Amino acid sequence: MASRNTNSKGWYAGSNYPYVVLVGQVGTGKSTIIEKLTDEKNLSGNSHKSVTRSSNSFWTYDGSMVICDTPGTNPEADKFSHNVHVAAALNFKPVSRTRP
């Protein structure tokens, strides 16, 4: 099953799907994890400069959850914009909790 950006499946903040936000410093592998779980391409780079400029959400292969990729929290430039996108991702909907 090919991955799909969340917009193509009609996902919205009130849906019941688990929502996971990856947050961390620039170059820690957040986008690489997204690529591995969703089969998306060219999201990550091989330098210590931030490639991700905004928050983007993707379905996993099996459609069981939505994972949000965020910009690094310690960029060399445009720190305010990066952190606004991180905050928006965390406030979009409640982050998944353990199921009973």
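Residues numbered from 1 in each chain as written. Predicted model: local features only at pLDDT ≥ 70, side-chain atom pairs only at ≥ 80, totals over all residues. Heavy atoms only, no water.

As for the sheet that holds strand 1 (residues 19–22)
Formally: Two strands are counted as paired when DSSP detects at least two bridges linking them. A run of H or I in DSSP counts as a helix once it spans at least four residues, and a run of E counts as a strand once it spans at least two, with each numbered from the N terminus. Working convention: axes come from line fits to C-alpha atoms, limited for helices to the stretch in contact. Angles between N-to-C directions cover 0 to 180 degrees.
With respect to topology, 3 strands assemble into an open sheet ordered 1-3-2, the strand pairing being mixed. Each edge of the open sheet carries a strand with a single partner, namely strand 1 and strand 2 (56–59). The mean angle between the axes of side-by-side strands here comes to 25°, regardless of whether they run parallel or antiparallel. Judged from the 4 bridges that link them, strand 1 and strand 3 (residues 66–69) form a sheet pairing that is parallel. Following the sheet pairing, Tyr19 is matched in strand 3 by Val66.

Some points on the pairing of strand 2
Alignment of strand 2 against strand 3, held across 4 bridges, turns out to be antiparallel. Looking at the pairing, Asn56 lines up with Asp69 of strand 3. Hairpin connection between strand 2 and strand 3: a loop of 6 residues separates the two successive antiparallel strands, and Gly63 in this loop has a positive phi of roughly 70°.

Some points on the pattern of salt bridges
Let me state the cut-off plainly: A carboxyl oxygen of Asp or Glu within 4 Å of a side-chain nitrogen of Lys or Arg is what we treat as a salt bridge.
All told, the structure shown has 1 salt bridge when counted by the stated rule. A salt bridge links Asp39 to Lys41; the shortest N-O distance between them is 2.9 Å.

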